[in-house]
Amino acid sequence: MQRRALILSAALAPLAAGPARAQADGTLRIVVPYAAGGSSDRAARLVADKLGPRLGQTVIVENKTGAGGRLAAQQLKGLGASASQNVLLLGNPAVMVVAPLVFKDNGYDPDADFQPVSQVTDYEFALAVSSAVPVKQLSHLLAWLRANPAQANFGVPATGSLPHFFALMTSEKAQVRGQVVGYRGSAPLISDLIGGQVPAAFDTLDTLLPQHEGGKLRILATSGAQRSPLAPDVPTYKESGLDLVATGWNALFAPAAMPADRVARLGAAIREVMSDPDTRRKFVDAKMTPVATTPAQTAAMLKAYRAQWAPVVRKSGYQP
């Protein structure tokens, strides 16, 4: 028993030492639950670059991958009050909305274990076809799918992803009985879409946009309330005759133990960063839409998002 206790202590030591050192040297950590290089990681690093000087302290980004983003949230919850002052989680709908709905033992409660600080990005979904396909309007694609139900397949980057549930939203709203085909990431999905192995694909706008701009695929519609400034040539779902608006987001969350005054100070500094013209330009250049919100506004956004997406997730019957 003593040897097992020593092994357990040794295994936990690096995790416990991180926040302790952060407390001592004033370093603020932004934990990203995904690998470096993705949109969540890029967003965190753009914020960190400008947030440090405003706070007068070092701000670093740490990537903790695993379990579709849940591992990072579980670890931050496990640190408890020891990390309450100097760590933030970059959360998104997959971590803060979908996972608690589909996992019986999620390992954390997004409301009890975390508190909103500020939203930092907003992103849209898009429906695309190969440029070789003659369809140029969403209404034409939907008519073709209704007439050819055996070929009504929609590719998505992963089962259980937001594009997956957005595809289900589209199917229900358009009254098209489509089969969702899950891929292992956006790269193979786009490859099959361009090659004609799947007739249509759903993904985030920033992911599909480079291939659209390169002429290899055609985005038929985007999911925002207005046309995206990233793709002003593409109509929205509503413009295309389908009354559907849906977006995704990245937001910063603090541990539940962080004092309210600390949350307020961090939130104010982040809003200043996100309102800075240079920061906003860098986000747009990275194909992301910058957003600045108060903790209360972020909490309200999260509540509204759950109200829209929870029925879709539950109705899908999706199980990991």
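Residues numbered from 1 in each chain as written. Predicted model: local features only at pLDDT ≥ 70, side-chain atom pairs only at ≥ 80, totals over all residues. Heavy atoms only, no water.

J.: Teacher, can you tell me more about empty space enclosed by the protein here?
T.: Empty space among the atoms becomes visible once a probe the size of a water molecule is rolled across them. According to the stated counting rule, one finds one cavity of 30 Å³ or more in the structure shown. By volume, the largest cavity is sized at about 40 Å³. The biggest single contributor to the lining of the largest cavity is strand 4 (residues 114-130), with three residues. The class makeup of the residues in the lining of the largest cavity is two nonpolar, four polar and two charged. (1 Å grid on protein atoms, 1.4 Å probe; cavity = no way out; pocket = protein on both sides within 12 Å on 5 of 7 lines; lining within 4 Å. Points joined across faces, edges and corners; volume = space filled by probe spheres on them. Helix = DSSP H or I, 4+ residues; strand = E, 2+ residues; numbered from the N terminus. Nonpolar A, V, L, I, M, F, W, Y, C, P; charged D, E, K, R; others polar.)

J.: When you look at the pattern of salt bridges in this model, what are you seeing that I'm missing?
T.: Overall, the coordinates contain 16 salt bridges when judged by the stated rule. The partner of glutamate 272 in a salt bridge is arginine 54, and the shortest N-O contact between them spans 3.1 Å. You can see glutamate 272 sitting in helix 9 (residues 260-275) and its partner arginine 54 sitting in helix 2 (residues 39-55), a full 218 residues away along the chain. When its relative accessible area of 42% is taken as the criterion, arginine 54 is described as partly exposed. Where glutamate 239 meets arginine 227, a salt bridge forms, and the shortest distance between an N and an O atom there is 2.9 Å. Pair noted here: glutamate 239 is in the loop between strand 8 (217-222) and strand 9 (247-255) and arginine 227 is in the loop between strand 8 and strand 9, with a separation of twelve residues, a long-range link. Judged by relative accessible area, arginine 227 falls into the partly exposed class, the value being 38%. Taken together, the shared-partner salt bridges in this structure form one network comprising Lys50, Asp276, Asp278, Arg281, Lys282 and Asp285. (Salt bridge = Lys/Arg side-chain N within 4 Å of Asp/Glu carboxyl O. Buried < 20%, exposed > 50% of the residue type's maximum accessible area, 1.4 Å probe, protein only.)

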